[in-house]
Amino acid sequence: MSNVAGHEDRASTSGSSRVARHGIVAAFRNVWRDPVGLFGVAVVLLIAIAAVFAPQLAPYDPNLQDLSARLTPPIWQDGGTFSHVLGTDQLGRDVLSRIIHGSRVTLVVPLLTVSLSGVMGISLGLLAGYRGGATDSIIMRTIDTQYSFPGVLLALTILTVVGPSLGALVVVLSLRIWMAFARMARGLVLAAREEEYVDAAETIGASPARIMFRHIAPNIAAPLITVAVLESAHVMLSEAALSFLGLGIQPPLVSWGLDVTSGREYVFSAPWLILLPGAAIAIAVLGINLLASWLRVATDPKESAKLFAASVQRQGSDAL
(Lines give C-alpha, C1' and ligand atoms only; values in the text may rest on other atoms or scores of the structure.)
Protein backbone atom coordinates (compact mmCIF):
# COMPACT_ATOMS: atom_id res chain seq x y z
CA MET A 1 0.00 0.00 0.00
CA SER A 2 2.82 2.41 0.83
CA ASN A 3 4.38 1.79 -2.61
CA VAL A 4 1.10 2.64 -4.31
CA ALA A 5 0.71 5.77 -2.21
CA GLY A 6 4.24 6.84 -2.97
CA HIS A 7 3.72 6.24 -6.68
CA GLU A 8 0.50 8.29 -6.69
CA ASP A 9 2.19 10.99 -4.62
CA ARG A 10 5.05 11.29 -7.09
CA ALA A 11 2.68 11.26 -10.04
CA SER A 12 0.61 14.05 -8.53
CA THR A 13 3.71 16.09 -7.78
CA SER A 14 5.12 15.56 -11.26
CA GLY A 15 1.83 16.54 -12.85
CA SER A 16 1.45 19.74 -10.84
CA SER A 17 5.05 20.72 -11.54
CA ARG A 18 4.55 20.17 -15.28
CA VAL A 19 1.43 22.33 -15.26
CA ALA A 20 3.23 25.21 -13.54
CA ARG A 21 6.26 24.94 -15.82
CA HIS A 22 4.08 24.72 -18.92
CA GLY A 23 2.27 27.96 -18.06
CA ILE A 24 5.52 29.89 -17.57
CA VAL A 25 7.20 28.43 -20.68
CA ALA A 26 4.11 29.10 -22.79
CA ALA A 27 4.09 32.69 -21.57
CA PHE A 28 7.67 33.27 -22.69
CA ARG A 29 6.98 31.65 -26.05
CA ASN A 30 4.30 34.27 -26.69
CA VAL A 31 6.40 37.25 -25.59
CA TRP A 32 7.02 38.25 -29.23
CA ARG A 33 3.35 39.16 -29.55
CA ASP A 34 3.46 41.71 -26.73
CA PRO A 35 5.73 44.77 -27.20
CA VAL A 36 5.52 45.61 -23.50
CA GLY A 37 6.66 42.17 -22.42
CA LEU A 38 9.31 42.10 -25.14
CA PHE A 39 10.76 45.40 -23.91
CA GLY A 40 10.91 44.09 -20.35
CA VAL A 41 12.60 40.85 -21.41
CA ALA A 42 15.07 42.78 -23.58
CA VAL A 43 16.04 45.08 -20.69
CA VAL A 44 16.57 42.18 -18.29
CA LEU A 45 18.60 40.26 -20.87
CA LEU A 46 20.71 43.35 -21.59
CA ILE A 47 21.47 43.81 -17.89
CA ALA A 48 22.31 40.12 -17.53
CA ILE A 49 24.64 40.15 -20.55
CA ALA A 50 26.36 43.32 -19.33
CA ALA A 51 26.79 41.84 -15.84
CA VAL A 52 28.18 38.49 -17.01
CA PHE A 53 30.48 39.86 -19.71
CA ALA A 54 31.39 43.18 -18.08
CA PRO A 55 35.21 42.66 -18.28
CA GLN A 56 34.92 41.89 -22.01
CA LEU A 57 32.39 44.65 -22.85
CA ALA A 58 33.81 47.52 -20.80
CA PRO A 59 36.55 49.45 -22.64
CA TYR A 60 38.38 50.31 -19.38
CA ASP A 61 38.76 49.20 -15.81
CA PRO A 62 35.90 50.99 -14.00
CA ASN A 63 38.27 52.18 -11.25
CA LEU A 64 41.10 53.25 -13.57
CA GLN A 65 41.83 56.93 -12.95
CA ASP A 66 43.20 59.34 -15.55
CA LEU A 67 43.24 62.87 -14.16
CA SER A 68 44.43 64.26 -17.49
CA ALA A 69 41.07 63.21 -18.99
CA ARG A 70 38.85 64.17 -16.05
CA LEU A 71 35.36 65.51 -16.83
CA THR A 72 35.61 64.71 -20.53
CA PRO A 73 32.09 65.22 -21.92
CA PRO A 74 30.15 62.55 -23.84
CA ILE A 75 30.78 62.20 -27.55
CA TRP A 76 27.68 64.22 -28.54
CA GLN A 77 28.96 67.31 -26.74
CA ASP A 78 31.77 69.64 -27.71
CA GLY A 79 35.07 68.20 -26.51
CA GLY A 80 33.85 64.60 -26.49
CA THR A 81 36.05 61.84 -27.88
CA PHE A 82 35.57 58.29 -29.09
CA SER A 83 38.03 57.18 -26.41
CA HIS A 84 35.33 57.89 -23.80
CA VAL A 85 31.98 57.63 -25.54
CA LEU A 86 29.96 58.57 -22.46
CA GLY A 87 32.60 60.84 -20.98
CA THR A 88 34.58 60.58 -17.74
CA ASP A 89 33.97 61.56 -14.13
CA GLN A 90 35.87 63.88 -11.81
CA LEU A 91 38.65 61.29 -11.39
CA GLY A 92 38.95 60.51 -15.08
CA ARG A 93 37.16 57.17 -14.82
CA ASP A 94 35.26 56.04 -17.92
CA VAL A 95 31.51 56.44 -17.39
CA LEU A 96 30.54 53.73 -19.89
CA SER A 97 32.79 51.21 -18.14
CA ARG A 98 31.30 52.10 -14.77
CA ILE A 99 27.74 51.76 -16.07
CA ILE A 100 28.53 48.33 -17.53
CA HIS A 101 30.19 47.11 -14.34
CA GLY A 102 27.44 48.68 -12.25
CA SER A 103 24.99 46.26 -13.85
CA ARG A 104 26.63 43.51 -11.79
CA VAL A 105 25.44 45.03 -8.53
CA THR A 106 22.08 45.80 -10.17
CA LEU A 107 21.70 42.11 -10.98
CA VAL A 108 23.35 40.44 -7.98
CA VAL A 109 21.67 42.41 -5.19
CA PRO A 110 18.07 41.73 -6.40
CA LEU A 111 18.87 38.07 -7.11
CA LEU A 112 20.31 37.46 -3.65
CA THR A 113 17.69 39.56 -1.89
CA VAL A 114 14.69 38.04 -3.68
CA SER A 115 16.07 34.52 -3.21
CA LEU A 116 16.61 34.98 0.52
CA SER A 117 13.35 36.80 1.18
CA GLY A 118 11.44 34.47 -1.15
CA VAL A 119 12.55 31.30 0.66
CA MET A 120 11.69 32.84 4.02
CA GLY A 121 8.41 34.46 3.01
CA ILE A 122 7.04 31.62 0.89
CA SER A 123 7.86 29.01 3.55
CA LEU A 124 6.07 31.01 6.25
CA GLY A 125 3.18 31.77 3.89
CA LEU A 126 2.75 28.09 3.07
CA LEU A 127 2.82 27.23 6.75
CA ALA A 128 0.33 29.94 7.70
CA GLY A 129 -2.09 29.12 4.91
CA TYR A 130 -2.02 25.34 5.32
CA ARG A 131 -1.93 25.03 9.10
CA GLY A 132 -4.21 27.96 9.93
CA GLY A 133 -5.27 28.57 13.52
CA ALA A 134 -2.71 29.93 15.97
CA THR A 135 0.15 29.42 13.50
CA ASP A 136 -1.57 31.60 10.94
CA SER A 137 -2.39 34.27 13.53
CA ILE A 138 1.17 34.49 14.85
CA ILE A 139 2.74 34.74 11.40
CA MET A 140 0.25 37.27 10.08
CA ARG A 141 0.45 39.46 13.20
CA THR A 142 4.24 39.43 12.85
CA ILE A 143 3.86 40.59 9.26
CA ASP A 144 1.41 43.34 10.27
CA THR A 145 3.79 44.49 12.99
CA GLN A 146 6.75 44.73 10.64
CA TYR A 147 4.66 46.58 8.06
CA SER A 148 3.99 49.23 10.70
CA PHE A 149 7.69 50.21 10.73
CA PRO A 150 8.93 52.49 7.93
CA GLY A 151 11.08 50.24 5.73
CA VAL A 152 13.64 52.88 4.77
CA LEU A 153 14.10 54.01 8.38
CA LEU A 154 14.58 50.40 9.50
CA ALA A 155 17.17 49.82 6.77
CA LEU A 156 19.05 53.03 7.60
CA THR A 157 19.11 52.16 11.31
CA ILE A 158 20.43 48.63 10.79
CA LEU A 159 23.07 49.67 8.23
CA THR A 160 24.22 52.51 10.47
CA VAL A 161 24.73 50.08 13.35
CA VAL A 162 26.33 47.14 11.51
CA GLY A 163 28.08 49.18 8.82
CA PRO A 164 27.50 49.24 5.06
CA SER A 165 28.50 46.15 3.05
CA LEU A 166 27.07 43.96 0.32
CA GLY A 167 26.03 41.21 2.72
CA ALA A 168 24.41 43.60 5.19
CA LEU A 169 22.57 45.32 2.34
CA VAL A 170 21.13 42.02 1.08
CA VAL A 171 19.97 41.00 4.57
CA VAL A 172 18.39 44.40 5.29
CA LEU A 173 16.55 44.50 1.97
CA SER A 174 15.38 40.91 2.49
CA LEU A 175 13.86 41.92 5.83
CA ARG A 176 11.96 44.64 4.00
CA ILE A 177 10.24 42.50 1.36
CA TRP A 178 9.77 38.97 2.75
CA MET A 179 6.27 39.94 3.96
CA ALA A 180 5.05 40.41 0.36
CA PHE A 181 5.96 36.80 -0.46
CA ALA A 182 4.39 35.52 2.77
CA ARG A 183 1.08 37.29 2.21
CA MET A 184 0.83 36.24 -1.41
CA ALA A 185 1.75 32.61 -0.63
CA ARG A 186 -0.76 32.44 2.23
CA GLY A 187 -3.60 33.70 0.05
CA LEU A 188 -2.75 31.26 -2.72
CA VAL A 189 -2.51 28.35 -0.27
CA LEU A 190 -5.92 29.15 1.22
CA ALA A 191 -7.40 28.81 -2.27
CA ALA A 192 -5.32 25.73 -3.14
CA ARG A 193 -6.46 23.86 -0.02
CA GLU A 194 -9.88 23.46 -1.62
CA GLU A 195 -8.46 21.78 -4.73
CA GLU A 196 -8.90 18.08 -5.39
CA TYR A 197 -5.19 17.30 -5.66
CA VAL A 198 -4.70 18.44 -2.04
CA ASP A 199 -7.55 16.20 -0.88
CA ALA A 200 -6.04 13.30 -2.82
CA ALA A 201 -2.61 13.84 -1.26
CA GLU A 202 -4.11 13.94 2.22
CA THR A 203 -6.13 10.80 1.49
CA ILE A 204 -3.06 8.76 0.57
CA GLY A 205 -1.31 9.86 3.76
CA ALA A 206 1.17 12.46 2.50
CA SER A 207 2.75 14.52 5.27
CA PRO A 208 1.85 18.22 5.63
CA ALA A 209 5.38 19.24 4.62
CA ARG A 210 5.18 17.10 1.48
CA ILE A 211 1.78 18.49 0.58
CA MET A 212 2.95 22.08 1.04
CA PHE A 213 6.28 21.88 -0.77
CA ARG A 214 5.72 19.10 -3.32
CA HIS A 215 2.08 19.62 -4.29
CA ILE A 216 0.88 23.13 -3.44
CA ALA A 217 4.12 25.08 -4.05
CA PRO A 218 4.54 24.06 -7.74
CA ASN A 219 0.94 25.05 -8.47
CA ILE A 220 1.29 28.55 -7.04
CA ALA A 221 4.71 29.18 -8.59
CA ALA A 222 3.54 31.42 -11.46
CA PRO A 223 2.06 34.30 -9.39
CA LEU A 224 4.96 34.08 -6.93
CA ILE A 225 7.44 34.45 -9.80
CA THR A 226 5.57 37.59 -10.84
CA VAL A 227 5.88 38.93 -7.29
CA ALA A 228 9.61 38.10 -7.31
CA VAL A 229 10.15 40.05 -10.54
CA LEU A 230 8.18 43.02 -9.23
CA GLU A 231 10.06 43.05 -5.92
CA SER A 232 13.35 42.99 -7.86
CA ALA A 233 12.53 46.47 -9.14
CA HIS A 234 11.85 47.65 -5.58
CA VAL A 235 15.18 46.19 -4.47
CA MET A 236 16.99 48.01 -7.29
CA LEU A 237 15.53 51.35 -6.23
CA SER A 238 16.28 50.68 -2.57
CA GLU A 239 19.87 49.69 -3.32
CA ALA A 240 20.38 52.82 -5.42
CA ALA A 241 18.85 55.02 -2.70
CA LEU A 242 20.94 53.48 0.09
CA SER A 243 24.10 53.68 -2.02
CA PHE A 244 23.29 57.32 -2.78
CA LEU A 245 23.10 57.95 0.99
CA GLY A 246 26.44 56.22 1.54
CA LEU A 247 25.01 53.20 3.37
CA GLY A 248 24.81 50.76 0.46
CA ILE A 249 27.50 49.61 -1.94
CA GLN A 250 30.97 50.86 -1.06
CA PRO A 251 34.03 51.45 -3.29
CA PRO A 252 35.81 49.75 -4.99
CA LEU A 253 32.51 48.08 -6.00
CA VAL A 254 30.61 49.98 -8.68
CA SER A 255 26.97 50.95 -8.31
CA TRP A 256 24.76 53.25 -10.34
CA GLY A 257 23.46 54.83 -7.14
CA LEU A 258 27.01 55.35 -5.91
CA ASP A 259 27.91 57.07 -9.19
CA VAL A 260 24.95 59.42 -8.85
CA THR A 261 26.01 60.55 -5.40
CA SER A 262 29.66 60.96 -6.44
CA GLY A 263 28.61 63.23 -9.32
CA ARG A 264 26.09 65.40 -7.49
CA GLU A 265 28.67 68.14 -6.92
CA TYR A 266 29.07 68.48 -10.69
CA VAL A 267 25.37 68.57 -11.55
CA PHE A 268 25.71 71.88 -13.44
CA SER A 269 29.23 71.57 -14.87
CA ALA A 270 29.07 67.86 -15.79
CA PRO A 271 25.39 66.77 -15.71
CA TRP A 272 26.13 63.47 -17.49
CA LEU A 273 27.63 62.15 -14.25
CA ILE A 274 24.12 62.08 -12.77
CA LEU A 275 21.92 61.76 -15.84
CA LEU A 276 23.56 58.66 -17.35
CA PRO A 277 23.59 56.37 -14.28
CA GLY A 278 20.19 57.81 -13.31
CA ALA A 279 18.84 56.89 -16.76
CA ALA A 280 20.29 53.37 -16.36
CA ILE A 281 18.41 52.98 -13.06
CA ALA A 282 15.17 54.30 -14.55
CA ILE A 283 15.34 52.03 -17.63
CA ALA A 284 16.18 48.97 -15.52
CA VAL A 285 13.30 49.57 -13.10
CA LEU A 286 10.88 50.36 -15.94
CA GLY A 287 11.87 47.20 -17.82
CA ILE A 288 11.43 44.99 -14.78
CA ASN A 289 8.07 46.55 -13.90
CA LEU A 290 6.82 46.02 -17.45
CA LEU A 291 8.09 42.43 -17.36
CA ALA A 292 6.25 41.81 -14.09
CA SER A 293 3.06 43.34 -15.48
CA TRP A 294 3.28 41.18 -18.58
CA LEU A 295 4.01 38.04 -16.56
CA ARG A 296 0.97 38.68 -14.37
CA VAL A 297 -1.29 38.72 -17.41
CA ALA A 298 0.49 35.99 -19.38
CA THR A 299 0.43 33.44 -16.54
CA ASP A 300 -3.16 34.16 -15.51
CA PRO A 301 -5.60 32.11 -17.62
CA LYS A 302 -8.47 34.53 -16.98
CA GLU A 303 -6.49 37.59 -18.04
CA SER A 304 -5.11 35.75 -21.07
CA ALA A 305 -8.65 34.75 -22.08
CA LYS A 306 -9.78 38.39 -21.80
CA LEU A 307 -6.92 39.56 -24.01
CA PHE A 308 -7.64 36.80 -26.53
CA ALA A 309 -11.34 37.71 -26.64
CA ALA A 310 -10.50 41.39 -27.11
CA SER A 311 -8.08 40.51 -29.91
CA VAL A 312 -10.69 38.39 -31.70
CA GLN A 313 -13.26 41.16 -31.33
CA ARG A 314 -10.88 43.73 -32.83
CA GLN A 315 -10.10 41.42 -35.75
CA GLY A 316 -13.82 40.95 -36.34
CA SER A 317 -14.38 44.71 -36.29
CA ASP A 318 -11.54 45.28 -38.74
CA ALA A 319 -12.96 42.63 -41.08
CA LEU A 320 -16.29 44.40 -41.12
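It should be emphasised that the depicted structure is a prediction, and the values quoted were computed from it without experimental measurement.

Caption draft 1: Looking closely at unusual backbone geometry. The peptide bond linking P251 to P252 adopts the cis configuration, its omega dihedral lying at 10 degrees. Here P252 shows up in the loop between α10 (221-244) and α11 (256-262). Positive phi, close to 60 degrees, is recorded for L71, a residue that is not glycine. The topology assignment puts L71 in the loop between α3 (54-57) and α4 (95-131).

Caption draft 2: Structural context of the nonpolar core. Of all hydrophobic cores here, the largest spans 25 residues; its most connected members are V95 and I99. Elements supplying a minimum of two residues to this core: α2 (35-52), α4, α10 and α12 (272-298). With 12 residues, α12 is the largest single contributor of residues to this core. Not counting chain neighbours up to four residues away, the residues in contact with I99 comprise L86, W256, L276, P277 and A280. Within the second largest apolar cluster, 17 residues are counted, among which are L173, V227, A228 and V235.

Caption draft 3: Spotlight on the side chain of S238. Locating S238 in the fold gives a position in helix α10. Among the polar contacts made by the side chain of S238, one reaches the main-chain carbonyl oxygen of H234 at a distance of 2.9 Å. When residues no more than four places from it in sequence are discounted, the contact partners of S238 are L173 and R176.

How each quantity is defined
Residues numbered from 1 in each chain as written. Predicted model: local features only at pLDDT ≥ 70, side-chain atom pairs only at ≥ 80, totals over all residues. Heavy atoms only, no water. Helix = DSSP H or I, 4+ residues; strand = E, 2+ residues; numbered from the N terminus. Core = buried A, V, L, I, M, F, W, Y, C linked by side-chain atoms within 4.5 Å. Buried < 20%, exposed > 50% of the residue type's maximum accessible area, 1.4 Å probe, protein only. Contact = heavy atoms within 4.5 Å. Polar contact = N/O pair within 3.5 Å; in protein donor to acceptor, adjacent residues only side chain to side chain.

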